[in-house]
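Each chain, written out:
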Amino acid sequence: MQKINCDTAFIGKQYIWLDSTGSTNDVIKHLLKDSAAVAGTLGDMVQFIEGEPGEGLTVIADHQTDGRGRSGRQWCDENGSNIAMSVLLMPPVDVNSISMVTLMSAMATACAIEKKSGIAVSIKWPNDLIAHDKKLCGILTELVNHDGKNCVIIGIGINVNMTDIPEDLKDRATSMLIESGADSFYDRAAIVEAVLKELERYYSTFVKTADMTALREEYNKRLINMDRAVKVLDPSEPLEGIARGIDESGCLEVETSDGEIHKVYAGEVSVRGMDGYV
Ligand code: BTN
């Protein structure tokens, strides 16, 4: 249990830092359903949560017993070494624009990690963060409806101070400590604060246009797939081609050998570099 002090207008102003929970995304879902009952069970873990859970509510845990990744995978952590956090956003945008929240969250988190560590962070479309071809951070975005409003829960898992990468992940996963070679552990609260600050900054840019117009160029600069061969692993339309970056709605544009551009929609497929990184 740690304290954070966010230099933000609303993101992270309401927060809970738990020793252990199933999944931080689920804590937000439960709070949306019945905040009084859930807050009661959390006791003094509730650092600052008054009234109804509002936009910007953040839940952080030292350990998740049932951490979830994308496509039904598990997300494992090393107790107290990494960051598992979820943030509640209520974007005032059409439901069709919501998938882009995941892209802007990846940009914000990459920027925060870079500022705190100096590690060069790339994005593997749509939202894996990569350092030296290994995964440093994963993001699971979930959409829930609360009182008729579209709410997005952004679940962010950052490998921070972990040094023992499980054997089966060794060639695909890394941590900030491993990548930077820093000689002391990172202050996780400071990293959480930096992520929340960047998230607020990128989010305010995103909601102005409700698309990636203002963020596209920067996103494409970080895109590890850019101008590289990719395989789109979609059972209904498997595709191989060269990634040409995202368009203003966040779709990955893939050019096939016949010169045709195919638009790949966020959340529908996963993309893997053909030379085997992550
Ligand atoms: C992925 O790359 O597959 C996404 C991983 C997302 C993990 C985070 S950790 C905080 C939040 N709670 C969860 O159960 N999952 C997300």
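Residues numbered from 1 in each chain as written. Predicted model: local features only at pLDDT ≥ 70, side-chain atom pairs only at ≥ 80, totals over all residues. Heavy atoms only, no water.

(A) Highlighting the site of the ligand. In the region of the ligand, 20 residues are neighbours, and S23, Q64, R68, R70 and K135 sit closest. S23 places a polar side-chain atom, nitrogen or oxygen, 2.8 Å from an oxygen atom of the ligand. Q64 is positioned with one of its side-chain polar atoms (N or O) 2.9 Å from a nitrogen atom of the ligand. Coverage of the ligand by the protein amounts to 99% of the 420 Å² it exposes when considered alone. For the shell around the ligand, the elements supplying multiple residues, two or more each, are α1 (24–42), β4 (83–89), β7 (134–146) and β8 (149–158). Of the residues contributing to the shell around the ligand, the split by class is six nonpolar, 10 polar and four charged. (Near = heavy atom within 4 Å. Polar contact = N/O pair within 3.5 Å; in protein donor to acceptor, adjacent residues only side chain to side chain. Areas by Shrake-Rupley, 256 points an atom, 1.4 Å probe, with all protein chains shown as cover. Helix = DSSP H or I, 4+ residues; strand = E, 2+ residues; numbered from the N terminus. Nonpolar A, V, L, I, M, F, W, Y, C, P; charged D, E, K, R; others polar.)

(B) View of the nonpolar core. Counting residues in each nonpolar core, the largest one holds 63 residues, and the members touching the most others are I4, M85, M104, I158, M176 and Y219. A per-element tally of this core places helix α2 (residues 99–117) first, with 11 residues. Dropping the residues within four chain positions of it, M104 is found in contact with L89, L199, Y202, Y203, F206 and L215. The next biggest cluster of nonpolar side chains, apart from the first, holds 15 residues, and it includes I28, V59, A61 and I153. (Core = buried A, V, L, I, M, F, W, Y, C linked by side-chain atoms within 4.5 Å. Buried < 20%, exposed > 50% of the residue type's maximum accessible area, 1.4 Å probe, protein only. Contact = heavy atoms within 4.5 Å.)

(C) Seen up close, the side chain of N220. Among the secondary structure elements, N220 is positioned in helix α5 (residues 216–222). Setting aside chain neighbours within four positions, we find N220 in contact with M226, G245 and I246.

(D) Region of interest: α2. Counted at 1.5 Å a residue, the expected span for α2 with its 19 residues is 27 Å, and the 28 Å between its end C-alpha atoms agrees. Within α2, 15 of the 19 residues are buried, leaving the element largely enclosed by the surrounding structure. At the C-terminal side of α2, G118 shows a positive phi close to 80°. (Expected span 1.5 Å × (residues − 1).)

(E) The pattern of salt bridges, seen in detail. Applying the stated criterion across every chain yields a total of 18 salt bridges. Across the pair D7 and K197 runs a salt bridge whose closest N-O atoms are separated by 2.8 Å. With D7 in the segment before β1 (15–21) and K197 in helix α4 (residues 188–209), this pair connects stretches of sequence that are 190 residues apart. A relative accessible area of 58% means that D7 is categorised as exposed. Exposure remark for K197: the relative accessible area of 38% places this residue in the partly exposed category. Taken together, the salt bridges that share partners define one network made up of D26, K29, R68 and E142. (Salt bridge = Lys/Arg side-chain N within 4 Å of Asp/Glu carboxyl O.)

(F) Expanded view of the packing of aromatic side chains. Here the structure, examined in full by the defined rule, presents one aromatic pair. The interplanar angle of 55° and the centroid separation of 6.3 Å between the aromatic rings of F10 and Y203 together place this pair among those described as tilted. Pair noted here: F10 is in the segment before β1 and Y203 is in helix α4, with a separation of 193 residues, a long-range link. (Phe/Tyr/Trp six-rings, centres within 6.5 Å; stacked < 30°, edge-to-face > 60°.)

(G) Main features of the environment of I242. Residue position: I242 is located in strand β10 (residues 239–246). Separated by 14 residues in the primary sequence, I242 and T256 place their C-alpha atoms 6.5 Å from one another. With residues up to four places along the chain from it excluded, the contact list for I242 reads D227, R228, A229, E253, V254 and E255.

(H) Structural context of the environment of V264. Locating V264 in the fold gives a position in strand β12 (residues 261–264). The class for V264 is buried, based on a relative accessible area of 5%.

By themselves, these are just geometric observations and shouldn't be taken as functional.
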